[in-house]
Amino acid sequence: MQYVDFDMGGAPSSLSVKEHAPLSTPAGKVKVSVVSFGINRADILQRQGKYPAPKGESSILGLEMAGTVIEVTDGVTEFSVGDKVFGLVAGGGYATEVIAEPSHLMPIPDGMAFFEAAGLAEVFLTAYQCLRTISHVKPAERVLIHGGASGVGLAALQLCRHWGVHSAVTASSENKLLQCKENGAELLINYHTQTFDEEIRNTWPSGVQMVLDMVGGDYLNKNLNVLSQDGRIVYLAMLAGRYADNLDMALLLSKRATITGTTLRNRSDAYKAELVQDFTSTCLPAFSTKDLKVNVDTHYHIADITKTHARLEANDTMGKLVVSW
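Predicted model only: the values in this text are computed from it and were never measured.

Trainee: I'm lost on unusual backbone geometry in this one. Help?
Mentor: In most cases, non-glycine residues show a negative phi, while peptide bonds are predominantly trans. Positioned with a positive phi, Ala140 is a non-glycine residue whose angle comes to about 80°. With respect to the element layout, Ala140 can be found in the loop between α3 (121–134) and β8 (142–145).

Trainee: Explain helix α9 (residues 269–282) to me, please; I cannot follow it from the model alone.
Mentor: Note that an α-helix has 3.6 residues per turn; residues three or four places apart therefore point the same way. Between its terminal C-alpha atoms α9 stretches 20 Å, which fits the 20 Å expected from 14 residues at 1.5 Å a residue. Considered for burial, the residues of α9 that qualify are Lys272, Ala273, Leu275, Val276 and Phe279. All buried residues of α9 project into a common sector of 165° when viewed along the axis, lining one side. Relative to its buried face, α9 has exposed residues pointing more than 90 degrees away, namely Ala270, Gln277 and Ser281.

Trainee: Help me understand the packing of α3 against helix α4 (residues 151–163) in this model?
Mentor: A pair of packed helices is characterised by two quantities: the angle between their axes and the separation of those axes. The interhelical angle for the contact between α3 and α4, taken along N-to-C directions, is 55°, at an axis separation of 8 Å. Viewed along their axes, α3 and α4 adopt a mutual orientation that is oblique. Crossing geometry of α3 relative to α4 is assigned as right-handed. Of α4, the residues touching α3 (which contributes Val123, Phe124, Thr126, Ala127, Tyr128, Leu131 and Arg132) are Gly151, Val152, Ala155, Ala156, Gln158, Leu159, Cys160 and Trp163. In terms of residue class, the contact of α3 with α4 is built from 11 nonpolar, 3 polar and 1 charged.

Trainee: Looking at this structure, how should I read α3?
Mentor: The largest bend in α3 amounts to roughly 30° and is located at Tyr128. In terms of residue burial, α3 counts as a mostly covered element, since 11 of its 14 residues are buried. Listed as buried for α3 are Ala121, Glu122, Val123, Phe124, Leu125, Thr126, Ala127, Tyr128, Gln129, Cys130 and Leu131.

Trainee: I keep staring at the side chain of Arg142 and nothing clicks. Help me out?
Mentor: Inspection of the secondary structure puts Arg142 in strand β8. Among buried charged residues, Arg142 stands out as having no salt bridge; its nearest opposite-charge side chain is Glu141, 8.5 Å away. Excluding anything up to four places from it in sequence, Arg142 contacts His166, Trp204, Ser206, Gly207, Val208, Gln209 and Met210.

Trainee: Just checking my understanding: could you explain the packing of aromatic side chains for this structure?
Mentor: To describe a pair of aromatic rings, you give the distance between the ring centres and the angle between the ring planes. Counted according to the given criterion, the structure contains 8 aromatic pairs. Both rings, one in Tyr128 and one in Trp163, keep their centres 5.8 Å apart while their planes meet at 65°; by these two values the pair is edge-to-face. Residue Tyr128 is located in helix α3, and its partner Trp163 is located in helix α4; the two are separated by 35 residues in the primary sequence. Residues Tyr128 and Trp163 agree in their burial class; the two are buried. Ring pairing ties together the aromatic residues Phe124, Tyr128, Trp163, Phe279 and Phe287, which thus form one cluster. Of note, Arg132 hangs over the ring of Trp163, and the distance from its end group to the ring centre comes to 3.9 Å.

Calculation criteria
- Residues numbered from 1 in each chain as written.
- Predicted model: local features only at pLDDT ≥ 70, side-chain atom pairs only at ≥ 80, totals over all residues.
- Heavy atoms only, no water.
- Helix = DSSP H or I, 4+ residues; strand = E, 2+ residues; numbered from the N terminus.
- Expected span 1.5 Å × (residues − 1).
- Buried < 20%, exposed > 50% of the residue type's maximum accessible area, 1.4 Å probe, protein only.
- Arc of directions from axis to C-beta.
- Axes fitted to C-alpha atoms, helices over the stretch in contact; angles between N-to-C directions.
- Parallel < 35°, antiparallel > 145°, perpendicular 65-115°, else oblique.
- Left-handed = near helix turned anticlockwise from the far one by under 90°.
- Contact = heavy atoms within 4.5 Å.
- Nonpolar A, V, L, I, M, F, W, Y, C, P; charged D, E, K, R; others polar.
- Bend = angle between axes of the 7 residues up to and from the residue.
- Lys, Arg positive; Asp, Glu negative; His and termini not counted.
- Salt bridge = Lys/Arg side-chain N within 4 Å of Asp/Glu carboxyl O.
- Phe/Tyr/Trp six-rings, centres within 6.5 Å; stacked < 30°, edge-to-face > 60°.
- Lys NZ or Arg CZ within 6 Å of the ring centre and 35° of its normal.

Shown next, in the form of structure tokens:
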């Protein structure tokens with residue numbers, strides 16, 4: 001098989017395609033011939049040496065892919081050889097074949113191309129986890145989403161619209177805000193020219209029930225400021241750095257706020273399986289009807305793999321970057 005190798009701590013230019021012996025398929029797993037895979041920020045961090053693969057998992061980059069099942073071991077009933085699937089892997093997605101847990105895979109919706117499916121799982125499952133599994137958002141509630149033009153941000157906006165949840169979004173440019181609006185955002189905030197907590201308070205004086213934040217930094221107390229009573233803040237990344245501003249305990253206590261940090265990659269197989277099952281039953285059909293869609297910024301050929309990491313590092317994306325072999 002072929003796979004994408006990298007130099008630990010190296011630049012995007014260190015990514016290169018190499019060959020590896022075919023993978024053996026352990027009992028209870030399936031082997032997938034990968035057509036396309038998605039690029040995620042966790043891949044960047046792993047290449048930089050800041051986010052190693054979980055113990056026992058492949059050290060090859062890649063957390064999501066789409067392709068065709070080519071081997072099924074005894075006891076696997078969910079899928080058969082020839083099925084077109086997409087889903088999560090704990091590592092190894094940047095390769096022409098990957099070993100997958102069948103309960104972490106989903107059938108590709110009717111009419112969806114492999115490259116689109118490759119960009120679906122990570123962002124939509126992450127957004128679903130934050131909004132529904134952790135925060136239990138309900139119709140008519142209000143949500144603030146930072147980094148709205150990112151893959152997760154756009155997925156979260158679509159889910160809010162799908163569920164009848166009101167959404168506000170922050171982004172860095174008018175083009176990004178326009179894309180957010182197309183994906184369901186109602187209140188658009190350019191963080192370069194506007195102060196998001198002031199804009200939220202002017203529009204929704206009682207605040208928002210939930211904040212989805214991948215920035216951190218000096219957003220912490222501003223998030224608390226716009227939060228309604230008993231509101232929830234979910235952190236899933238730290239683009240502004242490892243440390244946030246000094247926590248205003250008075251705000252935290254007066255709002256009875258809940259602050260949660262979450263990741264998906266290092267969750268248990270059982271947790272991921274339940275998440276995939278819930279998402280498959282409640283949201284996957286909406287991709288066939290086009291009520292939900294994958295926002296693909298750019299579809300690259302494997303020869304251009306270095307460009308994907310360079311662009312994501314520069315925050316030069318609106319939606320998903322995906323790569324096909």
